[in-house]
Amino acid sequence: MNLDLTAAARDVLDSGDPGQRPAGVCLGVATPATGTVLAAAGWARRPDGTAPGDPMTGRTLFDLASVTKIAATTALAMRLAAAGRLDLDAPVSPHLPGFRGGDKDRVTAADLLAHRAGLTPWWPLYCRTTDRETALDLAERLPLHAPPRHRRTYSDVGFQLLGRIVERVTGTGLAAAFQQWVAGPLGLTRTRYGPVDPAAAAVSADDDRIESSMVATGEPYPVPFTTADFTGWRTTAVRGTAADGNTAHALGGVSGHAGLFAPLDELLRLGEALVQDETFVPAAVRHRFITAADPRDPEQGLGFRRFEVTTPDGPVPMVGHGGFTGTHLAVATDRPLALAVAATRLHGTGGASPCRQTPACPATPCTLPQALRAGGTPTRRTGHRPEYVQYEDPRPAHREHAPPSSRLRSTRGDPHDPAGPALRANDESLTTGPRADLVPVDVLAHRAHLGMVRSLTEAGAFPSSRSGRPAVTGPSGPRTATHHQESP
């Protein structure tokens, strides 16, 4: 099967103005007809005047950032629930001695997975300690900001606590639990928590400036710290270690919310196993996780985000997650199809661009379908008209929808509150703050999805939906060889 993804990869590299564009990208598709196909373009590390740079390849390791939430933590929760080791609906306080009293006694693992526990979105633990256990103790003691199940508020802290629950349930460290329960059974030999060999990895970020700016300004989340409360800010390229500050500085590189590294072929294999392989996750458990956690909020399952990709075959239901570094995993729930994206969106974009417009976006206010008209039909969020509604990382640069002069306003309200009022065109909470010039992860993923779907369709390889669940080869069975495509 002749499937060429190089044009799709180059299109992702063209996202945004020159000062915004990611340095490199790798795309991946997995279907029965094509096997696993990868395409890479651009740089894993840009030339800098002192070194020639390292080209992106299909074997490059990527800092998955918040994709860790499903690739590691949600995967472990699924496996432990299937084994009867984790009760999703029982209070988590017995596992977390510091997380007790009042409404905390009502919080369940399902609440944490669905971001409905009432926790704060983000807290710089490293401003108080760089000892992992002390940092997690601090995370347990952070107060709730809302009653459990009142609303969805995307929270790194909730997944930090889930990682600790996994450690308490399994009696081992989170990295070891991932190896025992997920990577080992699936034969994932290169997917692991960092640090990893820098030479094998793409640059995760140019420095720590985004989080240091968040601490300095208290935007978008007020915190009682200054940048002087932490002395380990990174001022050079981050490679082989997590870009996320809490993971790198306070949690020893291993957390439930970030820290996993993987090549795209193994990330695709993991996604297929979680959503499409009943020998790895039983049907009843999988159904619980990919179904909306609350019928009033159809975009959020347990761990997984729920959305649709519009294709020539009609809208395809998907589950997946994005990551702040430029990563995204999406797996179809009605057919054997998995799509993965890894763009170095935080590398080579160190200077804020004076022009906030992307090439596809006009200078006047617009809707996303107009802004991306050149790229085709936009992704649709389940249960809503075509639009990008929310972003999944608490840092402001991740939840930017578009440049300020053309910013989309969701009918769903605040990105962390699906019940909130609609956003205004002059909403300063989204137009200011660190790195507003970055191309949003969902825009990168959208462009990649369009290109990959187009390539599959042109090759006659777009998979059809099946009655019932798609079946894929089990974790120990044979797999089609991975095909690598690289573009200068």
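Residues numbered from 1 in each chain as written. Predicted model: local features only at pLDDT ≥ 70, side-chain atom pairs only at ≥ 80, totals over all residues. Heavy atoms only, no water.

With that out of the way, let us pick up the pairing of strand β12 (residues 338-343). Burial analysis of β12 places six of its six residues in the buried class, which makes it a mostly covered element. Pairing analysis gives six bridges linking strand β1 (residues 24-31) to β12, with the strands arranged antiparallel. Counterpart to A30 in the pairing with β12 is A338. Strand direction decides the pairing type here: strand β11 (residues 327-332) and β12, joined by five bridges, are antiparallel. Note on β12: the bridge partner recorded for L329 is A340. Counted between consecutive antiparallel strands, the loop separating β11 from β12 contains five residues. (Buried < 20%, exposed > 50% of the residue type's maximum accessible area, 1.4 Å probe, protein only. Helix = DSSP H or I, 4+ residues; strand = E, 2+ residues; numbered from the N terminus. Pairing = 2+ DSSP bridges.)

The subject of this paragraph is helix α1 (residues 6-13). The set of residues buried in α1 consists of T6, A8, A9, V12 and L13. Looking down the long axis of α1, one finds its buried residues gathered within 160° of arc, a one-sided arrangement. (Arc of directions from axis to C-beta.)

So, about the packing of α1 against helix α13 (residues 441-458). Contact geometry for α1 and α13: axes closest at 8 Å, N-to-C directions at 160°. The angle between the axes of α1 and α13 places the two elements in the roughly antiparallel class. Of the two elements, α1 crosses α13, and the hand of that crossing is right-handed. Of α13, the residues touching α1 (which contributes A8, D11 and V12) are L444, R447, A448, G451 and M452. By residue class, the composition of the contact of α1 with α13 is five nonpolar, one polar and two charged. (Axes fitted to C-alpha atoms, helices over the stretch in contact; angles between N-to-C directions. Parallel < 35°, antiparallel > 145°, perpendicular 65-115°, else oblique. Left-handed = near helix turned anticlockwise from the far one by under 90°. Contact = heavy atoms within 4.5 Å. Nonpolar A, V, L, I, M, F, W, Y, C, P; charged D, E, K, R; others polar.)

Moving on, we get to the packing of helix α5 (residues 156-170) against helix α6 (residues 174-186). Look at α5 against α6: their axes get within 9 Å of each other, and the N-to-C directions meet at 70°. Relative to α6, the element α5 is oriented roughly perpendicular. Our pair here, α5 against α6, has a crossing hand that is left-handed. Between α5 and α6, the contacting residues are G163, V166, E167 and T170 on the first element and L174, A177 and W181 on the second. Looking at the contact of α5 with α6 residue by residue, the class counts come to four nonpolar, two polar and one charged.

Our focus in this paragraph is the nonpolar core. Grouped together as the largest cluster of nonpolar side chains are 97 residues, with contacts concentrated most on L88, V182, L274, F289 and F304. When residues of this core are assigned to their parent elements, the largest contribution, nine residues, is made by helix α2 (residues 68-82). Ignoring any residue separated from it by four or fewer positions in sequence, one finds L274 in contact with I70, A75, M78, F280, V281, R286 and F304. Grouped together as the second largest cluster of nonpolar side chains are 31 residues, A8, L337, M452 and F462 included. (Core = buried A, V, L, I, M, F, W, Y, C linked by side-chain atoms within 4.5 Å.)

Right, let's get into the environment of A65. Looking at the element boundaries, A65 is found in the loop between β4 (62-63) and α2. Of the residues examined, A65 reaches a relative accessible area of 6% and is grouped as buried. For A65, the contacting residues outside a window of four places in its chain are H257, A258, G259, L260, G323, F324 and T325.

Turning next to the pattern of salt bridges. Tallied over the full model, the rule gives 24 salt bridges. Note that D103 and R106 form a salt bridge whose closest N and O atoms lie 3.4 Å from each other. With a relative accessible area of 34%, D103 lands in the partly exposed category. Here E133 makes a salt bridge to R164, at a shortest N to O gap of 2.6 Å. Of this pair, E133 sits in helix α4 (residues 132-141) while R164 sits in helix α5, placing them 31 residues apart in sequence. Residue R164 is classed as buried on the basis of its relative accessible area of 2%. It is possible to trace a salt-bridge network through shared partners that takes in R116, R152, D294, R296, D297, E299 and R305. (Salt bridge = Lys/Arg side-chain N within 4 Å of Asp/Glu carboxyl O.)

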